[in-house]
2 protein chains.
Amino acid sequence: MYKANIHVTLRPSILDPQGKAVHHALGSLGYASVDKVRMGKYVELWIDETDRDQAEEVARAACEKLLANPVMEDFTIALEVVEAEAA
Amino acid sequence: MYKANIHVTLRPSILDPQGKAVHHALGSLGYASVDKVRMGKYVELWIDETDRDQAEEVARAACEKLLANPVMEDFTIALEVVEAEAA
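Residues numbered from 1 in each chain as written. Chains lettered and ligands numbered in written order. Predicted model: local features only at pLDDT ≥ 70, side-chain atom pairs only at ≥ 80, totals over all residues. Heavy atoms only, no water.

### Observations concerning helix α2 (residues 52–67) of chain B
Looking at α2 of chain B, one finds that the buried residues are Ala55, Val58, Ala59, Ala61, Ala62, Cys63 and Leu67 of chain B. Packing partners of the buried residues in α2 of chain B comprise α1 (17–28) and β2 (34–47) of chain A together with β1 (2–10), β2 (34–47) and β3 (73–81) of chain B. (Buried < 20%, exposed > 50% of the residue type's maximum accessible area, 1.4 Å probe, protein only. Helix = DSSP H or I, 4+ residues; strand = E, 2+ residues; numbered from the N terminus. Contact = heavy atoms within 4.5 Å.)

In structure tokens, the structure reads:
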């Protein structure tokens, strides 16, 4: 069993209004030392495969077909081996 | 300058409808080996502090006051040193 830790982030050239809003709110709270904020998604997938390549393939397909917008977003996948757990 | 990589995740006992929806969609796409999906937030903060403790304090306050719901969510903070960049 593998766990895929996936980060989906906006490409650097794409404006991030949610990050700007958080940045502004932190400024209002008095945290002037925050220079920039970018918001992304963090997705955890538990994949019931014994083969690492197979698990990576599933995670990659999930990102490309469902989780990330290929025009605006980048993604990274980090796989780790985990114990099977009761769902 | 520090960069804080923040993960905000729903506590394990909290139902994650967004994760369930993604899980269901992956099933429809034919990826039956995906056992569980949990969705979280990934926030990158660039903090203009020279002192590591100070930077961690700012990141922690941002999580507690703004980014995470303390009843339903957990957060982790990982700090790294980065070069200052033009905002």
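### Examining the relation of the copies chain B and chain A
Each copy superposes on the other: chain B lies on chain A with an RMSD of 0.0 Å after a rotation of 180° and an axial shift of 0.0 Å. This pairing of chains is accounted for by a two-fold axis. Relative to the rotation axis, the C-alpha of Lys41 of chain B is the closest in chain B, positioned 2.3 Å from it. Same-surface contact between copies: 100% of interface residues of chain B are shared with the interface of chain A. (Least-squares fit on C-alpha atoms with pLDDT ≥ 70 in both.)

### With respect to the pattern of salt bridges
Residues and elements named next belong to chain A. Following the criterion strictly, the structure yields 8 salt bridges over all chains and no others. Residue Lys3 is joined to Glu80 by a salt bridge in which the shortest nitrogen-to-oxygen separation is 3.7 Å. Here the residue Lys3 occupies a position in strand β1 (residues 2–10), and Glu80 occupies one in strand β3 (residues 73–81), the gap between them amounting to 77 residues. Of the charged contacts, one joins Arg11 and Asp74 as a salt bridge, the two residues approaching to 2.9 Å between their closest N and O atoms. Residue Arg11 is found in the loop between β1 and α1, and its partner Asp74 is found in strand β3; the two are separated by 63 residues along the sequence. Residue classification places Arg11 among the partly exposed residues on the basis of a relative accessible area of 33%. For Asp74, a relative accessible area of 31% puts it in the partly exposed group. (Salt bridge = Lys/Arg side-chain N within 4 Å of Asp/Glu carboxyl O.)

### Concerning the sheet that holds β1 of chain B
With antiparallel pairing, the 6 strands of this open sheet are ordered in space as β3(A)-β1(A)-β2(A)-β2(B)-β1(B)-β3(B). With partners counted over all chains shown, the strands left at the sheet margins are β3 of chain A together with β3 of chain B, one partner each. On average, each strand axis in the sheet is tilted by 20° relative to the strand beside it, whichever way the strands run. Taken strand by strand, α2 of chain B contacts β2 of chain A together with β1, β2 and β3 of chain B, and its axis lies near 155° from that of β3 of chain B. (Pairing = 2+ DSSP bridges. Axes fitted to C-alpha atoms, helices over the stretch in contact; angles between N-to-C directions.)

### What about the pairing of β1 of chain B?
All names here are of chain B. Across the 9 residues that make up β1, a large majority, 9, are buried. Side chains Tyr2, Ala4, Ile6, Val8 and Leu10 of β1 all project onto a buried face; the interleaved residues Lys3, Asn5, His7 and Thr9 project onto the opposite face, where all are buried too. Both β1 and β2 contribute to a ladder of 8 bridges, which runs antiparallel. Paired with Thr9 across the bridge in β2 is Gly40. With 9 bridges connecting them, β1 and β3 associate as antiparallel partners. Following the sheet pairing, Lys3 is matched in β3 by Glu80.

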